[in-house]
Structures are given as C-alpha cells and as structure tokens.
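So the chains spell out like this:
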Amino acid sequence: MASVELEGIKKAFGEVVAVKKLDLSIKEGEFFTFLGPSGCGKTTTLRMIAGFYYPTEGTVKFSQKDMTKVAPEKRNTGMVFQNYALFPHMTVFENVAFGLKVRKLSKSETQMRVHDVLKKVRLEQYSKRQVSQLSGGQQQRVALARALVIEPDILLLDEPLSNLDARLRDEMRTEILRLQKDYRITTIYVTHDQVEALTMSDRIAVFNFGVCHQIGSPKEIYNQPVNDFVASFIGEINLLNCELINRKEQESCTVKLLDIPDKTFYLYTEKIEEGLPPSSPLKLLIRPEGVELSLTELHEENVLKGTVSLAQFTGTSVNLHIQVNEKVMIKALALNKGELGWIENGTTIWIRLPKEQMRIVPSILGVD
Ligand SMILES: Nc1ncnc2c1ncn2[C@@H]1O[C@H](COP(=O)(O)OP(=O)(O)OP(=O)(O)O)[C@@H](O)[C@H]1O
C-alpha cells in the first residue's frame, strides 16, 4: 500500500491544458474516485499517476517519495483500462501471468500467484480458456486479476465498468469493493457515473475542465456541494438564481429569488458557502427530497404555490415537476403513500422550502 500526493500538477498537450492545477493527497488503502464529465481531465490525471504521461508542471509522490519522472514499470501500479486491453489470442492464465513473466518470476511462483488471484476473482475453472471466448464480465475479472497479480501498491481503474450492462455493473461494483478490501490496496477509480462514485468511494474528487472543484466523502459532496456545478453533477437538484439580502451571524438570513418577484426566503446562515466572492452570481440549492409538499394551503414562511406539470410514478415514489411561474419549476419527490402518492398533472400544490434544506453557493454555471 502507498499514499499518493499530487502537488501543483498541470498537464498541457500543446494548446490544450487537460489538467490546470491540481493538489490532492490520497491516503493508504483509500478508495478514491475521480468523477466528472467527458474530457475534464480524469484519465490524464490517472495516466500521470501511472507514469504514462509526465506532468508539464508539478510533482507526483507515492508515500512522499518523488515519482514524477519514474518509468511506469518501476512504479508498482496495476491498471485496468476501459477496454480491458487483454491479449485475445492468449488464455486467461497467460494473460494474468504476463506481468509476472516480465518481472521474471519463477514458474512455480507464477503458477501459485496466478492460481490464487484467479480464485479471488472466481475464474479458476476458466484458466485454460482463451479470453476471446469469455463474456464481458469475465474479461473484466481477468483484467482485474492481471492488475492485482503483481501485488501493486496502487490500483488504477479507468472506467472499468462502462462496457458492461446494468446488472453486471452492479455485480462488479460489489466485486471490486470486495477485492479492494481483501487486498487493502490504495485504489483510484475514474468514472463519469455518479452512482458508482457515491456507492463505492471513501472520497471523491469532482472535476470539470481540468479543474478539481471539490474533494470529499460521498455524503459531503452530495449534501454540501461547493458550487452549482458539483451540485448538479451529482443527483437531482433545484438551482434557483438568487441574491443575498442580509447575512446575520448565527441566525436566519434573507434571500431574494430573482425569478420569483416580491418573495423573500429565509435560511440558516451556516448554509451559505464560506467566502462567497462579492459580486459573483449565486444559486440557492435544494434537493427534491428536501422539498415539502401540501395539498392544502400553508400559511408560513418559505412557501410557494405551484401546479404539477409532471407526475412520474417510479414505484416507491412519484417524481414531480411543479411549475411556480413561467421561469421557475421545482422538482420534488412524493412517497407512494397517502394522497400525495396519487397526485396528478394539473394539481395545485403548496411547496415549503425548509430553512435547513437550502444552501447558497457561488454559480460557476452562470445565471440562466
Ligand atoms: N494525448 C492527448 N493529446 C492531446 N489532447 C489530449 C490527449 N489526451 C487528452 N487530451 C485532451 O485533454 C482533455 C482531457 O482529457 P481526458 O482524457 O483526461 O478526459 P476524461 O475526463 O478522462 O474524459 P473521458 O471520460 O471522455 O475519458 C480533453 O480535452 C482531451 O481531448
């Protein structure tokens, strides 16, 4: 096991700056995920850790040892690629043994290690089969076995599940976590899939356009996003253009929603992101599950009246779109019970935005 430290990392390919300036440290044994949309610099960062690319600026360290210019084969990392990169004409055994052969391990040691790892990934009975004769999920396990057999200090996984169907993806998520805990190996996982990131990771780094916007546990990222990009990339959310009217210490503060005239809302001061840039556009955030609903009029603060424009039944709940006016639509969630479970399009409804469920963050996506 090793820790990973990235200090002031930048990577440019000619004019294209794939990673702008990155500082992060990954702890020993941690399951750490790089999450972000296509082209945001996740794979480039992973490849700098593997040594396939050298950074234009900055330092890559493993357990505080400078590895920036060390060749990939001397880093003791195991990597699994999106397309598996297996040798199709070779057997499962030969594929997994390949890295050990390169390292010139004895035949008996190789036999033993390959046997052990194939058992771990539940492929012992397939060792003589050609990989081209395996299913996608089985090929994925071979790729994992090949990465693990060298007993790497760090396991690097680049969108390893994106070629599998939904059911197999679920199964492999559990499998990868089981192996990661078994081997107690520092793991860096690249994905654009928020469900994978939330369910698997100890911590997540959220990227966009070569910049890491936030690092935190799945709960921190979901519940305390630092800006509207992070908030909207993970889960459903309502983002409302707003202006902060008055900010008091340890009390409610007052907010004006720009698209709902003559209405003031109150939320707790600690729900305002620290150090908001003075003139930047702001967004008020609230998750659909934080919105409260009533079919009878509510006479309290933070209430809006709207009309249901979409009621999508999902089994356990109903996803609702509630039109407040031409510009503002609020997403909410009604559990499949009581009268709210039977709600239909066109229903008039009262929405309460509880103080503790709202946050104010700077908008990097811009006011729409
Ligand atoms: N070898 C290269 N030469 C030139 N530009 C590159 C190279 N590799 C990556 N880029 C560019 O750098 C940016 C980041 O790419 P990267 O592959 O790291 O993104 P990503 O977040 O992993 O995307 P994806 O999820 O699509 O794999 C993109 O604009 C990409 O086109």
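Residues numbered from 1 in each chain as written. Predicted model: local features only at pLDDT ≥ 70, side-chain atom pairs only at ≥ 80, totals over all residues. Heavy atoms only, no water.

Under an unreviewed UniProt entry, the name given to the chain is Spermidine/putrescine import ATP-binding protein PotA, and the source organism is Rossellomorea pakistanensis. In UniProt, the chain has this text filed under Subunit (unreviewed entry): "The complex is composed of two ATP-binding proteins (PotA), two transmembrane proteins (PotB and PotC) and a solute-binding protein (PotD)." Within the UniProt record for the chain, the comment given under Function (unreviewed entry) is "Part of the ABC transporter complex PotABCD involved in spermidine/putrescine import. Responsible for energy coupling to the transport system." (UniProt positions renumbered as here; feature names shortened; annotations may be inferred.)

Draft legend 1. A look at the UniProt feature "domain: ABC transporter" (unreviewed entry) in the chain. The sites that UniProt annotates as "domain: ABC transporter" (unreviewed entry) are residues 4–234. Helix makes up 36% of residues 4–234 and strand makes up 26%, while its end C-alpha atoms are separated by 25 Å. (Helix = DSSP H or I, 4+ residues; strand = E, 2+ residues; numbered from the N terminus.)

Draft legend 2. Just the site of the ligand, in detail. Around the ligand lies a shell of 13 residues, among which Ser38, Gly39, Lys42, Thr43 and Thr44 are the nearest. Thr43 is positioned such that a nitrogen or oxygen atom in its side chain is 2.7 Å from an oxygen atom of the ligand. A distance of 2.5 Å is found between an oxygen atom of the ligand and a side-chain nitrogen or oxygen belonging to Thr44. Protein contacts shield 61% of the accessible area of the ligand, which totals 630 Å² for the unbound molecule. Residue contributions to the shell around the ligand peak at three residues, all from helix H1 (residues 42–50). Each residue belonging to the shell around the ligand can be placed in one class, and the counts come to six nonpolar, five polar and two charged. (Near = heavy atom within 4 Å. Polar contact = N/O pair within 3.5 Å; in protein donor to acceptor, adjacent residues only side chain to side chain. Areas by Shrake-Rupley, 256 points an atom, 1.4 Å probe, with all protein chains shown as cover. Nonpolar A, V, L, I, M, F, W, Y, C, P; charged D, E, K, R; others polar.)

Draft legend 3. Region of the structure containing the sheet that holds strand S2 (residues 16–26). If you walk across this open sheet you meet the four strands as S2-S1-S4-S5, and the pairing is antiparallel. The sheet is open, and its two borders are formed by S2 and strand S5 (65–66), each paired with just one other strand. In the packing of H1 onto the sheet, the strands contacted are strand S1 (4–13), S2 and strand S4 (57–62), and the crossing angle to S1 comes to about 120°. (Pairing = 2+ DSSP bridges. Contact = heavy atoms within 4.5 Å. Axes fitted to C-alpha atoms, helices over the stretch in contact; angles between N-to-C directions.)

Draft legend 4. Looking closely at the nonpolar core. Ranked by internal contacts, the top residues of the largest apolar core, which has 35 residues, are Val92, Val96, Leu118, Val142 and Ile176. Elements supplying a minimum of two residues to this core: helix H2 (92–102), helix H3 (107–120), helix H4 (136–148), strand S7 (154–158) and helix H5 (166–183). Looking at this core, the element that brings in the most residues is H4, giving six residues. Excluding its chain neighbours within four sequence positions, the residues that come into contact with Leu118 are Val92, Val96, Leu123, Glu124, Ser127 and Ala145. (Core = buried A, V, L, I, M, F, W, Y, C linked by side-chain atoms within 4.5 Å. Buried < 20%, exposed > 50% of the residue type's maximum accessible area, 1.4 Å probe, protein only.)

Draft legend 5. A look at the pattern of salt bridges. Counting across every chain of the model gives 20 salt bridges. Residue Lys10 is joined to Glu57 by a salt bridge in which the shortest nitrogen-to-oxygen separation is 4.0 Å. Highlighted residues: Lys10 in strand S1 and Glu57 in strand S4, separated in sequence by 47 residues. Note that Arg113 and Glu109 form a salt bridge whose closest N and O atoms lie 3.3 Å from each other. In this pair, Arg113 and Glu109 are both assigned in helix H3, four residues apart and thus about one turn of the helix distant. Judged by its relative accessible area of 17%, Arg113 falls in the buried class. Members of the salt-bridge network, linked through shared partners, are Lys120, Arg122, Arg141, Arg167, Glu171, Glu175, Arg178 and Asp182. (Salt bridge = Lys/Arg side-chain N within 4 Å of Asp/Glu carboxyl O.)

Draft legend 6. Structural detail: the pairing of S2. Sheet analysis places S1 next to S2, joined by seven bridges and oriented antiparallel. By the bridge assignment, Leu6 is partnered in S2 with Leu24. Joining the antiparallel neighbours S1 and S2 is a turn of two residues, in which Gly14 adopts a positive phi near 60°.

Draft legend 7. How the structure looks around the environment of Ile360. Assignment of secondary structure puts Ile360 in strand S20 (residues 359–362). On the basis of relative accessible area, Ile360 is assigned to the buried category, the value being 0%. Separated by 78 residues in sequence, Ile360 and Leu282 place their C-alpha atoms 6.7 Å apart. Setting aside residues no more than four positions away along its own chain, Ile360 makes contact with Cys242, Leu244, Val255, Leu267, Lys271, Ile272, Glu273, Leu276, Leu282, Lys283 and Leu284.

Draft legend 8. Just the sheet that holds strand S19 (residues 348–352), in detail. Sheet architecture is open: five strands sit in the order S15-S19-S16-S17-S18, paired in antiparallel fashion. The open sheet has two edge strands with one neighbour each: strand S15 (292–294) and strand S18 (329–335). Here the average twist between neighbouring strands, direction ignored, is 45°. Two elements, S15 and S19, share three bridges in a ladder whose sense is antiparallel. The residue of S19 that forms the bridge with Leu293 is Ile351.

Draft legend 9. Spotlight on H2. Those residues of H2 that fall on the buried side of the exposure criterion are Val92, Asn95, Val96, Ala97, Gly99 and Leu100. On the buried face of H2, the contacting elements are H3 and H4.

Draft legend 10. Quick peek at unusual backbone geometry. A positive phi is found at Arg184, a non-glycine position, where the angle reads about 45°. The class for Arg184 is exposed, based on a relative accessible area of 55%. Phi is positive for Asp262, which is not a glycine, with a value near 60°. For Asp262, the position within the fold is in the loop between strand S12 (252–257) and strand S13 (264–268).

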